[in-house]
Amino acid sequence: MKHIFQEGRNGRTLLLLHGTGGNENDLLPLTDMIDPDANVLSVRGNVNENGMPRFFRRIAEGVFDEEDLIKRTKELYDFLEDKSKEYNFNRDEVYSVGYSNGANIAGSLLYHYQDSLKGAMLFHPMVPRRGIHLPNHEDVSVFIGAGQNDPICPADEAEELKSMLENSGATVELFWTNLGHQLTREEVEAAKEWYQGLS
Ligand code: MLT
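Values in this document were obtained by computation on a predicted structure and should not be read as measured data. (Residues numbered from 1 in each chain as written. Predicted model: local features only at pLDDT ≥ 70, side-chain atom pairs only at ≥ 80, totals over all residues. Heavy atoms only, no water.)

Undergrad: I keep staring at the sheet that holds strand 1 (residues 3-6) and nothing clicks. Help me out?
TA: Strands in a sheet are paired, the pairing made by backbone hydrogen bonds, and the direction either parallel or antiparallel. Taken in spatial order, the seven strands line up as 1-3-2-8-9-10-11 in an open sheet, and their pairing is mixed. On the outer flanks of this sheet lie strand 1 and strand 11 (171-177), each paired with one strand and no other. Mean inter-strand twist for the sheet, computed between neighbouring axes without regard to direction, equals 10°. Here five bridges tie strand 8 (residues 94-99) to strand 9 (residues 119-123), and the two strands are oriented parallel to one another. Note on strand 9: the bridge partner recorded for tyrosine 99 is phenylalanine 123. Helix 2 (residues 66-86) contacts strand 1, strand 2 (13-17) and strand 3 (39-43) of the sheet and is inclined by roughly 145° relative to strand 3. Of the strands in this sheet, strand 9, strand 10 (141-147) and strand 11 are in contact with helix 4 (residues 155-167), which crosses strand 11 at around 170°. (Pairing = 2+ DSSP bridges. Helix = DSSP H or I, 4+ residues; strand = E, 2+ residues; numbered from the N terminus. Axes fitted to C-alpha atoms, helices over the stretch in contact; angles between N-to-C directions. Contact = heavy atoms within 4.5 Å.)

Undergrad: Explain the packing of aromatic side chains to me, please; I cannot follow it from the model alone.
TA: Aromatic rings considered in pairs are described by the distance between their centres and by the relative angle of their planes. Going through the model one piece at a time under the given rule, you end up with eight aromatic pairs. Summarising the aromatic geometry, the rings of phenylalanine 5 and phenylalanine 89 are spaced 5.9 Å apart at their centres and angled 20° between planes, so their arrangement reads as stacked. Here phenylalanine 5, found in strand 1, pairs with phenylalanine 89, found in the loop between helix 2 and strand 8; they are 84 residues apart in sequence, far enough to count as distant. Its relative accessible area of 7% is what places phenylalanine 89 among the buried residues. Ring geometry for tyrosine 95 against tyrosine 195: centres 5.3 Å apart, planes inclined by 80°, an arrangement best described as edge-to-face. Highlighted residues: tyrosine 95 in strand 8 and tyrosine 195 in helix 5 (residues 185-196), separated in sequence by 100 residues. The pair tyrosine 95 / tyrosine 195 is uniform in exposure class, with both members buried. The ring centre of phenylalanine 56 lies 5.1 Å from the NZ or CZ of arginine 54, which sits over that ring. (Phe/Tyr/Trp six-rings, centres within 6.5 Å; stacked < 30°, edge-to-face > 60°. Buried < 20%, exposed > 50% of the residue type's maximum accessible area, 1.4 Å probe, protein only. Lys NZ or Arg CZ within 6 Å of the ring centre and 35° of its normal.)

Undergrad: Sorry if this is basic, but what is going on with the packing of helix 2 against helix 3 (residues 101-112) here?
TA: Angle between the axes and distance between the axes are the two parameters that describe a pair of packed helices. Closest axis-to-axis distance for the helix 2/helix 3 pair is 9 Å, and the angle between their directions is 85°. When the axis of helix 2 is compared with that of helix 3, the two are roughly perpendicular. Residues Leu69, Ile70, Arg72, Thr73, Leu76, Tyr77 and Leu80 of helix 2 lie in contact with helix 3, whose contacting residues are Ile105, Ser108, Leu109 and His112. Considering only residue class, the contact of helix 2 with helix 3 consists of seven nonpolar, three polar and one charged. (Parallel < 35°, antiparallel > 145°, perpendicular 65-115°, else oblique. Nonpolar A, V, L, I, M, F, W, Y, C, P; charged D, E, K, R; others polar.)

By themselves, these observations are geometric and do not establish any function.
Here it is in structure tokens:
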């Protein structure tokens, strides 16, 4: 997958996953706010929707192509395994920073694989799939940033995602703004505080 890797010095890796129509450059400015000492692995989604990069196909707005979601989730999981060897970073210390479609593929990693992420910052996520049993996530911490007036990622999905992840053992913080789908400085600040409070 097309990506950028920047070597850090504290043993942690931030995995950046952009929103629909974005690319691997979009979320780079967040790393200085969240953890300037971490490695950065920023990935571009392999799916092209009318010129817009995404991490998996969708059938319509908010309706995911489940078969493709599963395939692309495995592709990202395998990519992380490979790159941790190639760039020599600790696979057990990967924290995702994903927005919208990027948050959804990160959520899907957690829905399908144990030990896929140590922590996840999910900005404006949806529930990636329903009707499956999640792996155990006892040691996983998740931050969800959501907007009460988000027309794309409805508020009740953020609540549903939180409870699904909590039922799998994860510790989840849900942070609300009363805004819409945009990524706000306020929620990134809140994610930073959450991240810095992790042991
Ligand atoms: C998705 O397709 O992942 C969600 O609808 C969010 C987005 O528009 O990217």
